[in-house]
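Residue-level structure breakdown
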Amino acid sequence: MDVLVTGATGFIGRRLVPALGAAGHDVTALVRDAAGYDAPPDVHVVEGDLLDPGSFGAALDVDAAYYLVHSMRAGGDFEARDRRAARNFVDAASTAGVERVVYLGGLGEDRDNLSPHLRSPREVERVLASGSYALTTLRAGIIIGSGSASFAPVRQLASRLPVMVTPRWVETKCQPISLYDLVPYLLGVRARPGPARGTY
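An account of the accompanying structure is given in this report.

What counts as what
- Residues numbered from 1 in each chain as written.
- Predicted model: local features only at pLDDT ≥ 70, side-chain atom pairs only at ≥ 80, totals over all residues.
- Heavy atoms only, no water.
- Buried < 20%, exposed > 50% of the residue type's maximum accessible area, 1.4 Å probe, protein only.
- Helix = DSSP H or I, 4+ residues; strand = E, 2+ residues; numbered from the N terminus.
- Pairing = 2+ DSSP bridges.
- Core = buried A, V, L, I, M, F, W, Y, C linked by side-chain atoms within 4.5 Å.
- Contact = heavy atoms within 4.5 Å.
- Axes fitted to C-alpha atoms, helices over the stretch in contact; angles between N-to-C directions.
- Parallel < 35°, antiparallel > 145°, perpendicular 65-115°, else oblique.
- Left-handed = near helix turned anticlockwise from the far one by under 90°.
- Nonpolar A, V, L, I, M, F, W, Y, C, P; charged D, E, K, R; others polar.

Let's talk about the pairing of strand β4 (residues 64-67)
Here is the key point about a regular strand: its side chains alternate between the two faces of the sheet. In β4, alternate side chains face the same way, and those of A64 and Y66 on one face and A65 and Y67 on the other are all buried. Taken together, the 4 bridges between strand β1 (residues 2-6) and β4 define a ladder with parallel strand orientation. The partner of L4 across the bridge, within β4, is A65.

Listed below in structure tokens is the structure:
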């Protein structure tokens with residue numbers, strides 16, 4: 001099966017791309033800078049930017065795509081950037097006839113008082129759901145593994161402050177997942193028979 005990975009150079013994408021290849025898929029990696037990407041063998045690399053409509057159409061000649069793009073490290077306007085990238089992807093993937101998209105989002109319900117960093121993935125999920133393809137969403141909490149942006153602050157706090165007094169409003173529960181469990185889940189939902197639409 002032909003599969004596209006957006007965000008191929010990110011924390012999850014760097015692990016997912018070789019795992020898809022090992023599972024027998026023909027993998028295309030969408031990256032902004034092909035020269036700076038050390039692609040695994042047999043991976044087709046396409047240079048493009050989801051924020052630039054028309055720059056990534058060559059990557060969409062696939063059956064399925066993984067959407068792993070998040071702009072949290074891109075500054076204060078990351079919510080607008082995430083929204084724009086998702087809309088550009090929806091338009092292009094729907095036009096190209098992509099059959100299925102798998103999105104890795106974050107935990108939290110709309111009724112919760114979500115921070116911008118949790119609110120943005122939920123909004124991206126809604127935007128992606130407007131496409132003509134079947135969307136499968138996995139919602140993950142803190143991903144534990146070397147290089148995880150969300151886990152690094154927790155590790156740093158724990159090493160410097162083994163005991164910490166917090167205000168009463170600090171009561172958010174967390175459901176972490178290991179990177180080594182998450183990648184098989186991402187592979188598994190892609191291979192899962194039956195209805196592809198759903199949120200897990």
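Re the nonpolar core
In this structure, V5, I12, L16, Y66, L104, I143 and L186 are the most contacted members of the largest nonpolar core, which totals 27 residues. Sorting elements by how many residues they give to this core places helix α5 (residues 179-191) first, with 5 residues. Non-local contacts of V5, meaning those with residues more than four positions away in its chain, are made with G13, L16, V17, L20, V27, T28, A29, L30, Y66 and L68.

Description of the packing of helix α1 (residues 13-22) against α5
Across the interface, α1 lies against α5 with an axial gap of 10 Å and an inter-helix angle of 50 degrees. Taken together, the axis directions place α1 and α5 in an arrangement best described as oblique. Remark: the crossing between α1 and α5 carries right-handed chirality. Residue-level inspection shows R15, L16, A19 and L20 of α1 in contact with α5, the latter providing L179, V183, L186 and L187. A breakdown of the residues in the contact of α1 with α5 according to their chemical character gives 7 nonpolar, no polar and 1 charged.

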